[in-house]
Amino acid sequence: MNLKIKGLNTICTHVGELEDKQHKGAVSPLYMSTSYAYEDVDVKRYPRYFNTPNQEGLCKKIAALEHAESALIFGSGMAAVSTSLLAFLGAGDHVVLQQTLYGGTYNLINEEFSKYGIEYSFTSGWNADAFEAEIKANTKVIYIETPSNPLLTITDLEAIAALAKKHGLITMIDNTFASPVNQNPIDFGIDIVIHSATKYMGGHSDICAGAVASTTENMDRIFQLAKNFGGSLSDYTVWLLERSMKTMGIRVKAQNENALAMAIFLDGVEEVEKVYYPGLPTHIDHDI
Ligand SMILES: *Cc1c(COP(=O)(O)O)cnc(C)c1O
């Protein structure tokens, strides 16, 4: 079955759902068990191995939404960010990070990375030249966030992917603000897509979660670290997140329309000094 040919809302609603064979219920049953019989020595199910039935089901949905081979769900967006970065960076490595980043990510880098001997540079802007200027012999990863939180700067995904290919680097994006509804970075050549599912995926301000999607090879590498760091998500929250994501397509469409209407309105209010919204032609990155 080719998941890419399905409509977005069908993926949101149905991909990865679990069948209730016992009672024929309409939604995925919730399996809260932390222990499972070993049906096969290679499959040891355990919540911290990210492979309970509900975890696996939701990962399929997220992978399909991001046009990725594989995905993992985490206990928070920051667990997804930190585990992804540390899976590809070790002592003596260097990472180039976009200047305009979510505050929590900025704190992770500034407060923790030197303890691990990881070198880092923040760019002076967010076009490809600003990233290229910071690349060194030991650079391994380029990390971007677009649209960025909170000022919605827009980075050119194709230009960053081309730059990374030229230098043999891994690219990671925090795609939280776009959500998979507005932007699928893998289609533009970005390697690893990260989300805080606390925001648009959850959508009801009652879930804290994170997600990462990429190739099976990259996700295996991230999984090895994820298992050791232990940032997995409770199955109950996984189940709530699956419930929430069924409506993500129509929610985000409405949010896009409302945000643009508000931006246009605020742009006309004399007391408002500046409106930051990439949908407005006056936004610095509107063309991208
Ligand atoms: C909120 C947020 C995060 C962190 O997510 P948590 O779920 O709070 O850990 C990371 N990136 C962006 C862009 C965010 O908005």
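Residue indices begin from 1 for each chain and proceed along its sequence in written order. Residues qualify for local features only when their pLDDT is at least 70, as the model is predicted, and side-chain atom pairs are given and counted only at 80 or more; totals for whole chains, interfaces and linings, by contrast, use all residues. The side-chain numbers reported here are obtained from all heavy atoms of the structure, hydrogens and water having been left aside.

Draft legend 1. Quick peek at the site of the ligand. In the neighbourhood of the ligand, 13 residues make up the surrounding shell, with Gly77, Met78, Asp174, Thr198 and Lys199 lying closest. Within the side chain of Asn149, a nitrogen or oxygen atom sits 2.9 Å from an oxygen atom of the ligand. A 3.5 Å cut-off defines polar contacts: any pair of N or O atoms within that distance qualifies, except that in protein one atom must be a possible hydrogen donor and the other a possible acceptor, and neighbouring residues in sequence count only when both atoms are side-chain atoms. Thr198 is positioned with one of its side-chain polar atoms (N or O) 2.5 Å from an oxygen atom of the ligand. For the ligand, the accessible surface in isolation is 380 Å², of which the surrounding protein chains cover 91%. For this scheme, ten residues count as nonpolar: Ala, Val, Leu, Ile, Met, Phe, Trp, Tyr, Cys and Pro. Four count as charged, namely Asp, Glu, Lys and Arg, and the remainder, Gly too, count as polar. Residues of the shell around the ligand, tallied by class, amount to 4 nonpolar, 6 polar and 3 charged. By convention in this text, a residue qualifies as near a molecule or strand provided that one of its non-hydrogen atoms is within 4 Å of it. What sets the accessible areas is the Shrake-Rupley method with a 1.4 Å probe; for residues, cover comes only from the shown protein chains.

Draft legend 2. A look at the packing of aromatic side chains. Here the aromatic set is Phe, Tyr and Trp, taking the six-membered ring for Trp, and pairing holds for ring centres within 6.5 Å; pairs whose planes are under 30 degrees apart are stacked, those over 60 apart are edge-to-face, and all others are tilted. For the structure shown, the criterion picks out 6 aromatic pairs. Residues Phe50 and Phe223 carry aromatic rings whose centres are separated by 6.3 Å and whose planes lie at 85° to one another, so their mutual orientation is edge-to-face. You can see Phe50 sitting in the loop between helix H1 (8-14) and helix H2 (53-65) and its partner Phe223 sitting in helix H8 (residues 216-229), a full 173 residues away along the chain. Burial classification: accessible surface area is computed with a 1.4 Å probe over protein chains only, and a residue below 20% of its type maximum counts as buried, one above 50% as exposed, and the rest as partly exposed. The buried category is assigned to Phe50, whose relative accessible area is 5%. Between Tyr106 and Phe122 the ring centres are 5.0 Å apart and the planes differ by 40°, which places this aromatic pair in the tilted class. A helix here means a DSSP run of H or I that spans at least four residues, while a strand means a run of E at least two residues long, and both kinds are numbered starting from the N terminus.

Draft legend 3. Representation of the packing of helix H3 (residues 77-88) against helix H4 (residues 103-112). Orientation is described by axes fitted as lines to C-alpha atoms, over the contacting stretch for helices, and by angles from 0 to 180 degrees between their N-to-C directions. Running from N to C, H3 and H4 point in directions that differ by 40°, and their axes come no closer than 10 Å. Taken as axis vectors, H3 and H4 run oblique relative to one another. H4 is crossed by H3, and the crossing has right-handed handedness. Along the contact surface, H3 presents Met78, Val81, Ser82 and Leu85, while H4 presents Gly104, Thr105, Leu108 and Ile109. The residue makeup of the contact of H3 with H4, split by class, is 5 nonpolar, 3 polar and no charged. Here the angle decides the label: under 35 degrees means roughly parallel, over 145 means roughly antiparallel, 65 to 115 means roughly perpendicular, and every other value means oblique. Helix crossings get a hand from a simple test, with the near helix turned counterclockwise from the far one by less than a right angle marking a left-handed crossing and a clockwise turn marking a right-handed one. Any pair of residues with heavy atoms lying within 4.5 Å of one another is described as a contacting pair.

Draft legend 4. Quick look at the layout of surface pockets. In this analysis a 1.4 Å probe is tested at points of a 1 Å grid over the protein atoms alone, and where it fits but cannot get out there is a cavity; an open set with protein on both sides within 12 Å along at least five of seven lines is a pocket; lining residues have an atom within 4 Å of a point. Grid points are joined across faces, edges and corners, and a volume is the space filled by probe spheres set on the points. Counted as a void, the largest pocket has a volume near 690 Å³. As for the largest pocket, its lining consists of 24 residues, of which Pro147, Ile154, Ala178, Asn182 and Pro278 are closest to the centre. At the level of secondary structure, the elements contributing two or more residues to the lining of the largest pocket comprise helix H6 (157-167) and helix H10 (248-267). Ranked by residues supplied to the lining of the largest pocket, first place goes to H10 with 4 residues. In the lining of the largest pocket, the residues fall into 13 nonpolar, 8 polar and 3 charged. By volume, the second largest pocket is sized at about 280 Å³. As for the second largest pocket, its lining consists of 13 residues, of which Phe50, Ser70, Ala71, Leu72 and Phe223 are closest to the centre. Mapped onto the lining of the second largest pocket, the elements with two or more residues apiece are H2, strand S1 (70-74) and H8. Top element by residues in the lining of the second largest pocket is H8. It accounts for 4 residues.

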